[in-house]
Amino acid sequence: METEEQARNRFQSELEFIQCLANPNYLNFLAQRGFLREKPFINYLKYLLYWKEPEYAKFLKYPHCLHMLELLQYEHFRKELVNAQCTKFIDEQQLLHWQHYSRKRTRLQQALAEQQPAQQQQQQLLPPQHGNATAK
Amino acid sequence: MATVVEKSTKERLLSALDDLEVLSRELIEMLALSRTQKLPQPGEDSQILELLVQRDREYQELMETARQQGEVHQEMEQLEKEVEKRDSDIQQLQKQLKEAEHILATAVYQAKEKLKSIDKARKGSISSEEIIKYAHRISASNAVCAPLNWVPGDPRRPYPTDLEMRSGMLGHMANLPTNGVNGHLPGDALAAGRLPDVLTPHYPWQSSDVSVGMLPPHHGNDFGLEPPGHNKENEDDVEAMSTDSSSSSSDSD
């Protein structure tokens, strides 16, 4: 049985390794060296699924790795990762997805900015009416 | 056991009537004859009269019996009607019971489903504060959302870059040789795959402070053994991606 020190080290190294899986270039690296074909490695990937549990997942800084881990369970995906074009495609899509929220936010801010002048115009119309009401 | 079937009242009545008819005809014939002839057989007329009276008495009795039988028959009919009514009542009750049972069964089933989902929700409950803390951690470091001023050429990525990977525990353990792994690596020191310990940047994704006390699940150290259940072969899921990624040399199955 391993000591607590060893277990902690193992925890940290597994934490680092699983987050490395979020890097498509690293996945390509692993595929080209044939790691993804080895049975022990495949079993290890299955074992790593424990990081999906909430009490472990809260340590992950790069959550994309979990999705990659799930995909890595499929043999077809592992086979495809050998192609550099495939991983380039994944990288591009990942970056686009990563930028999606900030793009949406800038769009919202633009829309809000456009609404502002219109609202200001409406506010200018209102006060005179209130003035008439109070005059009576 | 009596195998002789009793003649029904109707038959007896009819036969009594027939007798009466025959006797009265004979009597009338005799009276008609006695106008022309003197009585050939003295006493016969009184005989016939007696028979007539007898038959009449029988007839009266049979009529009385018939009347009684009619009353009994009426009672029977009434009782039958009662029985029919009760039967339909019972059937109605049966239908209602069945309906009630069905409704109750549905209600019980739905209640059980609700209890199951309550249990499930309770099991998965996480304090909102923790979720917010985690959300803050992953977004503040731009791990899930690009920084607002990001332009192509910016080295930041949603995954640990080469630099970060090498400066971690794994990088030190393995002392990886450089072999053209894609990334943005400046500098020779990094190209050599080694960093002096002092300069080791400590990235939060290596989280040694947060993970104190946290241990990975145990495993038999031999991953070469076949685990229970084997890998999924879901062709459809991954198919879309490979058809998008151009015409590379991968052989399609």
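Residues numbered from 1 in each chain as written. Chains lettered and ligands numbered in written order. Predicted model: local features only at pLDDT ≥ 70, side-chain atom pairs only at ≥ 80, totals over all residues. Heavy atoms only, no water.

With respect to the overall build of chain A
Here is the rule we go by: Only DSSP runs of H or I reaching four residues or more are called helices, and only runs of E reaching two or more are called strands; each is numbered from the N terminus. Summary of the burial criterion: residues with accessible area below 20% of their type's maximum are buried, those above 50% are exposed, and those between are partly exposed, where the area comes from a 1.4 Å probe applied to protein chains only. Contacts are assigned to residue pairs that have any heavy atoms within 4.5 Å of one another.
When helices and strands are tallied, chain A shows seven helices and zero strands. Listing each helix as α and each strand as β along chain A from the N terminus yields α-α-α-α-α-α-α. Per-residue burial for chain A yields a buried fraction of 47% across its 136 residues. Long-range pairs, those at least 24 residues apart, make up 66% of the contacts in chain A between residues at least 6 apart in sequence.

Some thoughts on the overall build of chain B
Worth spelling out the cut-off: Computed with a 1.4 Å probe, the accessible areas rest on the Shrake-Rupley method; for each residue, only the protein chains presented here act as cover.
Helix and strand counts for chain B stand at seven helices and zero strands. When the helices and strands of chain B are placed in sequence order, the string is α-α-α-α-α-α-α. Taking all 253 residues of chain B together, the buried fraction comes to 20%. Considering only intrachain contacts with a sequence separation of at least 6, the fraction spanning at least 24 residues in chain B is 51%. Only carbon and sulfur atoms are counted for the fraction: they give 57% of the accessible area of chain B, which is about 19,900 Å².

Comments concerning the packing of aromatic side chains
The condition that has to hold: We call Phe, Tyr and Trp rings a pair once their centres come within 6.5 Å, taking the six-membered ring for Trp, and we label the pair stacked below 30 degrees between planes, edge-to-face above 60, and tilted otherwise.
This structure, assessed with the given rule, holds 14 aromatic pairs over all chains. Taken together, a centroid distance of 5.2 Å and an interplanar angle of 40 degrees make the contact between A:F11 and A:W51 tilted. Of this pair, A:F11 sits in helix α1 (residues 4-20) while A:W51 sits in the loop between α3 (39-47) and α4 (54-57), and the two are 40 residues apart along the sequence. Among the residues examined, A:F11 registers a relative accessible area of 1% and is labelled buried. Judged by relative accessible area, A:W51 falls into the buried class, the value being 0%. Relative to B:W150, the ring of A:W98 lies with its centre 5.5 Å away and its plane at 80 degrees, an arrangement referred to as edge-to-face. Here the residue A:W98 occupies a position in helix α7 (residues 84-135), and B:W150 occupies one in the loop between α3 (128-140) and α4 (162-166), the pair thus bridging two chains.

A short note on the nonpolar core
For clarity, the cut-off: Buried Ala, Val, Leu, Ile, Met, Phe, Trp, Tyr and Cys residues that are joined via side-chain atoms within 4.5 Å together make up what is termed a nonpolar core.
The biggest cluster of nonpolar side chains holds 38 residues, and the ones touching the most others in it are A:L21, A:L48 and A:W51. Looking at this core, the elements that each hand over two or more residues are α1, α2 (24-32), α3, α5 (64-72) and α7 of chain A together with α3 of chain B. No other element matches α5(A), which puts six residues into this core. Look past the residues within four positions of A:L48 in its chain and what remains in contact with it is A:E14, A:F17, A:I18 and A:L69. By size, the runner-up hydrophobic cluster in this structure holds 10 residues, among which are B:A16, B:I48, B:Y59 and B:L62.

Things to note about unusual backbone geometry
At B:N142, a position not held by glycine, the phi torsion is positive, near 60 degrees. Assignment of secondary structure puts B:N142 in the loop between α3 and α4.

A closer look at helix α2 (residues 44-123) of chain B
Residues and elements named next belong to chain B. The criterion, for reference: The span expected for a helix works out to 1.5 Å for each residue beyond the first.
Between the first and last C-alpha of α2 there are 117 Å, a value that for 80 residues agrees with the 118 Å anticipated at 1.5 Å per step. Buried within α2 we find I48, L52, R55, Y59 and L62. Along its buried surface, α2 packs onto α1 (9-36).

A short note on the environment of A:K88
Within the element layout of this structure, A:K88 appears in helix α7. In sequence terms A:K88 and A:N28 are 60 residues apart; their C-alpha atoms lie 9.2 Å from each other.

Comments concerning the packing of α1(A) against α3(A)
Residues and elements named next belong to chain A. Heads up, the condition is: Lines fitted to C-alpha atoms define the axes, with helix axes restricted to the stretch in contact, and inter-axis angles between N-to-C directions lie between 0 and 180 degrees. Our angle categories are set so that under 35 degrees counts as roughly parallel, over 145 as roughly antiparallel, 65 to 115 as roughly perpendicular, and the remainder as oblique. Each residue receives one of three labels: charged for Asp, Glu, Lys and Arg, nonpolar for Ala, Val, Leu, Ile, Met, Phe, Trp, Tyr, Cys and Pro, and polar for the others, Gly being one of them.
For the pair α1 and α3, interaxial distance at closest approach is 12 Å and the crossing angle is 95 degrees. By the angle between their directions, the pair α1 and α3 is classed as roughly perpendicular. Contacts between α1 and α3 involve R10, E14 and F17 from the first element and F41, Y44 and Y47 from the second. Among the residues forming the contact of α1 with α3, the class breakdown is four nonpolar, no polar and two charged.

Overview of the packing of α1(B) against α2(B)
All names here are of chain B. Going by this rule: Note: crossing handedness is left-handed where the near helix turns anticlockwise from the far helix by less than a right angle, and right-handed where it turns clockwise.
It is the contact of α1 with α2, at a shortest axis distance of 9 Å, that shows an interaxial angle of 155 degrees. Taken as axis vectors, α1 and α2 run roughly antiparallel relative to one another. Regarding α1 and α2, the two cross each other, and that crossing is left-handed. Looking at the contact of α1 with α2, its residues break down into 15 nonpolar, three polar and seven charged.

Some details on α5(A)
Of all nine residues in α5(A), seven are buried, a share of seventy percent or more. Along α5(A), the positions that sit buried rather than exposed are A:H64, A:C65, A:L66, A:M68, A:L69, A:L71 and A:L72.

Topic: a negative patch on the surface
To keep things clear, this is the line we draw: What goes into a patch is any residue over 30% in relative accessible area without a salt bridge, connected to like charges within 9 Å or, for nonpolar side chains (Val, Leu, Ile, Met, Phe, Trp, Tyr), within 5 Å. By definition, a salt bridge exists where a carboxyl oxygen of Asp or Glu is found within 4 Å of a side-chain nitrogen of Lys or Arg. The sign given to each residue is positive for Lys and Arg and negative for Asp and Glu; His and the chain ends receive no count. Each charge is placed at NZ for Lys, CZ for Arg, CG for Asp and CD for Glu.
Among the surface-exposed residues, B:E77, B:E80, B:E84 and B:D87 lie close enough to one another that they form a single negatively charged patch. Residue classification places B:E80 among the exposed positions, given a relative accessible area of 54%.

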